[in-house]
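Now for the letters of each chain:
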Amino acid sequence: MYESVPISFSTENLIVLNGILAGMIFGVSMGLKGEDLLRVIRKPKAPVAGLIAQFLLLPAATGLLTWWFKVEPELALGMILIASCPGGTFSNIMTWIGRASVPVSISMTAVSSLAAIVMTPLNFALYGYLNPLTRPLLQDISLDPLSILTLVALVLVIPMLLGMAVGKRHPQWAERAEKPMRAVTLMVFVVFVAIAFINNQQAATEYADEILIFVALQNVGALLLGDLASRAARLPQSERRAVTMEVGIQNSALGLSIIFTFFPSAGGMMLIAGFWSFWHLLVGLLLALYWSKTAEATCLTSS
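Values in this document were obtained by computation on a predicted structure and should not be read as measured data.

A.B. asks: Even after reading the chapter, I still don't get the packing of aromatic side chains, so can you show me in this structure?
C.D. replies: Any two aromatic rings considered together are summarised by their centre-to-centre distance and by the angle between their planes. A complete count under the given rule lists two aromatic pairs for this structure. Geometrically, the ring pair formed by phenylalanine 124 and phenylalanine 263 is edge-to-face, given 5.9 Å between the ring centres and 85 degrees between the ring planes. Here phenylalanine 263 lies in the loop between helix H13 (252-262) and helix H14 (267-302) and phenylalanine 124 lies in helix H6 (residues 102-130), a separation of 139 residues in the sequence. In terms of burial, phenylalanine 124 and phenylalanine 263 fall into one category: buried.

A.B. asks: Is there a simple way to explain the layout of surface pockets in this structure?
C.D. replies: Rolling a probe over the atoms, with the probe sized like a water molecule, indicates the empty space that remains. Within this model, the second largest pocket holds a volume of roughly 290 Å³. Residue lining of the second largest pocket: 14 residues in total, with Ala61, Leu65, Met79, Leu217 and Gln218 positioned closest to the centre. With six residues, helix H11 (residues 208-232) is the largest single contributor of residues to the lining of the second largest pocket. Here the lining of the second largest pocket is composed, by residue class, of ten nonpolar, four polar and no charged.

A.B. asks: So what exactly am I meant to see when it comes to the environment of glutamine 218 here?
C.D. replies: Relative to the elements of secondary structure, glutamine 218 occurs in helix H11. C-alpha of glutamine 218 to C-alpha of leucine 65: the two residues are 153 residues apart in sequence and 9.9 Å apart in space. For glutamine 218, the contacting residues outside a window of four places in its chain are Thr62, Met79, Ile82, Ala83 and Trp276.

Rules behind the numbers
- Residues numbered from 1 in each chain as written.
- Predicted model: local features only at pLDDT ≥ 70, side-chain atom pairs only at ≥ 80, totals over all residues.
- Heavy atoms only, no water.
- Phe/Tyr/Trp six-rings, centres within 6.5 Å; stacked < 30°, edge-to-face > 60°.
- Helix = DSSP H or I, 4+ residues; strand = E, 2+ residues; numbered from the N terminus.
- Buried < 20%, exposed > 50% of the residue type's maximum accessible area, 1.4 Å probe, protein only.
- 1 Å grid on protein atoms, 1.4 Å probe; cavity = no way out; pocket = protein on both sides within 12 Å on 5 of 7 lines; lining within 4 Å.
- Points joined across faces, edges and corners; volume = space filled by probe spheres on them.
- Nonpolar A, V, L, I, M, F, W, Y, C, P; charged D, E, K, R; others polar.
- Contact = heavy atoms within 4.5 Å.

Right, here's the structure in full:
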């Protein structure tokens, strides 16, 4: 069904996308410090709960449910890929808006970005192969997990380490530039995805209703898993909300980069990741605003 979806995307577009992704990671990482990684060692409960939900529960649940409900292979593989990606680069901003624990969010961003080197290709290859419907797509291109590992390292880990180095060497400049850089890269990424959708308007509109259902259900599931894992760890509310946001905001930009590198003709996968790019930011912002209002109400009540 989705194998025939025509998708227009060039090598130049792929280079631009990887550049945007690297820029997003670099901008976020300028605010990261070595202490953020040490915090995980000193107080590991919240990051560990988030990582369990992010890299164990979410990919496993997605792989199982896409197989159980016999989701179309390209859509299923797109959902498995999104579930295998680390937390999105703007979860820190959403956490800050929602008045949740920013230190926990930053710690999870740093650790999940490092863990993604191994866990993203591992989960994607594992659950893509275990699902008999998606297995042929992986076999058709003889997917090598090491190739995905290399891509993740180039567009995720290296920019993160460079951003941390620049932030440490030029702290005042990094503090001034971090927020504008996040805003600019987010805007550029949204414009990029919008242009990609316009160029593939027929495919996007034809399957929009079905794609949105899958994306919405998976996003709600991710948020619930983050909340349940943090409740099981008995975290305080601010940390629980940070974990929930981190698990619910996926790095769909990384997913798009992997798709266009290894699955350039998989229109269904592109549609899943593309709709995710808009959907999780919208839901994350609405949830953060709701949390912010409830936090204000709590403060007024207590005072």
